[in-house]
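One-letter residues, chain by chain:
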Amino acid sequence: MPGEIRTPLQRYELGQLKLVAVIYDTHDPRAVVEDDEGLGYIVRLGTPIGPHGGEVKGIERGRVMVNEDSV
């Protein structure tokens, strides 16, 4: 929505982020993604990500699954 406050992760296209670490074999899986400036962000299930309403839906060994709406 226009004027909506966005987190830094919601400003990046998914292809601009690099997966650098995953903690998946736990009750609360987490992952670290890095932007093109080398800043790292911790993501969990439900974390908003990407400019198109994306949300982290799964974290597994070596990957993060994001559900993103697109037209």
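Residues numbered from 1 in each chain as written. Predicted model: local features only at pLDDT ≥ 70, side-chain atom pairs only at ≥ 80, totals over all residues. Heavy atoms only, no water.

Caption draft 1: The arrangement of the pattern of salt bridges in detail. What the rule picks out here adds up to 5 salt bridges. Put simply, Arg30 and Asp28 hold a salt bridge, and the shortest N to O gap is 3.7 Å. Measuring nitrogen to oxygen at the nearest pair gives 3.1 Å for the salt bridge that ties Arg44 to Asp28. Here Arg44 is found in strand β3 (residues 40-44), whereas its partner Asp28 is found in the loop between β1 (18-23) and β2 (30-34), with 16 residues between them in sequence. With a relative accessible area of 30%, Asp28 lands in the partly exposed category. (Salt bridge = Lys/Arg side-chain N within 4 Å of Asp/Glu carboxyl O. Helix = DSSP H or I, 4+ residues; strand = E, 2+ residues; numbered from the N terminus. Buried < 20%, exposed > 50% of the residue type's maximum accessible area, 1.4 Å probe, protein only.)

Caption draft 2: View of the nonpolar core. Of all hydrophobic cores here, the largest spans 10 residues; its members are Leu9, Tyr12, Leu17, Ala31, Val33, Tyr41, Val43, Ile49, Val56 and Ile59. Elements supplying a minimum of two residues to this core: β2, β3 and β4 (55-60). Residues contacting Ile59, with those up to four places away along its chain left out, are Val22, Tyr24, Pro29, Arg30, Ala31, Val43, Arg44, Leu45, Val64 and Met65. (Core = buried A, V, L, I, M, F, W, Y, C linked by side-chain atoms within 4.5 Å. Contact = heavy atoms within 4.5 Å.)

Caption draft 3: Representation of the sheet that holds β2 in the model. Here 3 strands make up an open sheet; going across it, the order is β1-β2-β3 and the pairing antiparallel. The open sheet has two edge strands with one neighbour each: β1 and β3. Strand-to-strand, the axes of this sheet are offset by a mean angle of 25°, without reference to chain direction. Pairing of β1 with β2, which is carried by 5 bridges, proceeds in the antiparallel orientation. The residue bridging Val22 from the neighbouring strand is Ala31, located in β2. (Pairing = 2+ DSSP bridges. Axes fitted to C-alpha atoms, helices over the stretch in contact; angles between N-to-C directions.)

Caption draft 4: Broad picture of the side chain of Asp35. Examined against the element boundaries, Asp35 turns out to sit in the loop between β2 and β3. Within the buried core, Asp35 has no salt-bridge partner, and the shortest N-O distance to an opposite charge, that of Arg11, equals 8.9 Å. In this structure the side chain of Asp35 is engaged in a polar contact, spanning 3.1 Å, whose partner is the side chain of Tyr41. Excluding its chain neighbours within four sequence positions, the residues that come into contact with Asp35 are Tyr12, Gln16, Leu17 and Tyr41. (Lys, Arg positive; Asp, Glu negative; His and termini not counted. Polar contact = N/O pair within 3.5 Å; in protein donor to acceptor, adjacent residues only side chain to side chain.)

Caption draft 5: Representation of the side chain of Gln10 within the structure. Relative to the helices and strands, Gln10 resides in the segment before β1. Classification of Gln10 as buried rests on a relative accessible area of 12%.

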